[in-house]
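Observations on the three-dimensional arrangement
In case you want the letters, here they are:
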Amino acid sequence: VTWFEALDTTLDEVWQELLRGQGDANAPARQPTLATHGLTGFPEARTVVMRSATRKSAELEIHTDRATTKVSELKTRPRAALHIWVPQRNLQIRIRAEIEIADRDRTDKDWRKVPTASRENYGVNPAPGTPITAPNQIERSADPERFAILICRIIEIDTVCLTGPLHHRALFRRADDWKGQWLAP
Ligand SMILES: Cc1cc2nc3c(=O)[nH]c(=O)nc-3n(C[C@H](O)[C@H](O)[C@H](O)COP(=O)(O)O)c2cc1C
């Protein structure tokens, strides 16, 4: 039996990939696609960096600029999807998560750990998404008030593995204590 033929080893594989994403810049889970409910009715998807993954609580963390559109979207509807494609494993990971924007204490604590060179990513003016006349018409400032941590509390994980003659699809739900259920692919 290979990993994708059993539910528990499929979930182990997912977490191995997520945990690899925390530290390894080349791991597919390092740069998931984060999708939100757009404010104009279109879904919005963008690449982000996954900063940390914790299996016990089934939580992932993402850093962003508080002034980005995604933060407004998540304040309006605090639910998101994360998509990861792992080519070496032929594995698609789709995550549904509830998003909490971390409180001030937590944000202040983590800001100290953000490398100086990266701090300027939080505080571009005018705010991200504002029309400008030329690409250099911005100012960067490292602004701790603009730093935000998105805590993604995973509710469901939907996996598809295309290795072998059979395609394997499974759904893992927090509500079922992650025991997993096969789905038609
Ligand atoms: C490789 C890559 C990594 C990125 N990482 C992040 C990130 O960790 N956080 C973030 O807010 N934006 C990140 N971005 C930028 C987003 O994709 C997006 O353009 C930006 O956050 C504005 O999105 P929004 O207007 O939908 O909020 C990254 C972009 C690329 C290409």
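Our subject is the structure listed above.
Let me sum up the structure you'll find in this document. (Residues numbered from 1 in each chain as written. Predicted model: local features only at pLDDT ≥ 70, side-chain atom pairs only at ≥ 80, totals over all residues. Heavy atoms only, no water.)

1. Some details on the overall build of the protein chain
Selection rule: Here a strand is any run of E in DSSP of at least two residues, a helix any run of H or I of at least four, and the numbering for each starts at the N terminus. Burial classification: accessible surface area is computed with a 1.4 Å probe over protein chains only, and a residue below 20% of its type maximum counts as buried, one above 50% as exposed, and the rest as partly exposed. Note on definitions: a residue-residue contact is assigned when non-hydrogen atoms from the two residues lie within 4.5 Å. The accessible surface values rely on the Shrake-Rupley method and a 1.4 Å probe; as for residues, cover is taken only from the protein chains in view. Charged-residue counts in this description rest on Lys and Arg as positive and Asp and Glu as negative, His and the chain ends being excluded. A single reference atom marks each charge: NZ on Lys, CZ on Arg, CG on Asp, CD on Glu.
From N to C terminus, the protein chain includes four helices and 11 strands. Along the longest, intermediate and shortest principal axes, the C-alpha atoms of the protein chain span 55 × 35 × 30 Å. Scored against the burial criterion, the 185 residues of the protein chain give a buried share of 40%. Sequence separation of 24 or more characterises 56% of the internal contacts of the protein chain that already satisfy a separation of 6 or more. Of the roughly 10400 Å² that the protein chain leaves accessible, carbon and sulfur atoms contribute 50%. Computed over 27 positive and 25 negative side-chain charges, the inter-centroid distance for the protein chain is 1 Å.

2. Details of the pairing of strand β6 (residues 91–101)
On a regular strand, one side chain projects to one face of the sheet and the next to the other, so that they alternate. Applied cut-off: Two strands make a pair as long as DSSP finds a minimum of two bridges between them.
Sheet topology note: the strand β5 (residues 79–86)/β6 ladder contains eight bridges and is antiparallel. Each residue of the ladder has a partner; that of Arg79, found in β6, is Glu98. Linking two consecutive strands that pair antiparallel, namely β5 and β6, is a turn of four residues; a positive phi of about 55 degrees is found at Asn90 within it. Pairing of β6 with strand β9 (residues 147–161) involves 11 bridges; the strand directions are antiparallel. The partner of Glu100 across the bridge, within β9, is Ile151.

3. Some remarks on the environment of Thr33
If you trace the backbone, Thr33 turns up in strand β1 (residues 33–37). For Thr33, a relative accessible area of 28% puts it in the partly exposed group. Sequence spacing of Thr33 and Glu44 is 11 residues, and the spatial spacing of their C-alpha atoms is 9.8 Å.

4. Digging into helix α2 (residues 69–76)
Stated formally: In this context, the arc is that of the directions from the helix axis out to the C-beta atoms.
Along α2, the positions that sit buried rather than exposed are Lys70, Val71, Glu73 and Leu74. All buried residues of α2 project into a common sector of 160 degrees when viewed along the axis, lining one side. Turned more than 90 degrees away from the buried face of α2, the exposed residues are Lys75 and Thr76. Looking at the packing, one finds that the buried side of α2 touches β1, β2 (43–47), β4 (59–65), β5, β6 and β9.

5. Digging into the nonpolar core
Using the following cut-off: The definition of a nonpolar core used throughout is a set of buried Ala, Val, Leu, Ile, Met, Phe, Trp, Tyr and Cys residues joined through side-chain atoms within 4.5 Å.
Judged by nonpolar contacts, the single largest core of 33 residues is most densely connected at Trp15, Leu18, Leu60, Ile93, Ile95, Ile154 and Ile157. For this core, the secondary structure elements donating two or more residues are α1 (7–23), β3 (50–54), β4, β5, β6, β9 and β10 (168–173). Once residues within four sequence positions are removed from consideration, Leu18 is found in contact with Ala29, Met50, Ala53, Leu60, Ile84 and Ile95. Core analysis: the next-biggest nonpolar cluster, separate from the first, contains seven residues, Ala102, Trp111, Val114 and Phe147 among them.

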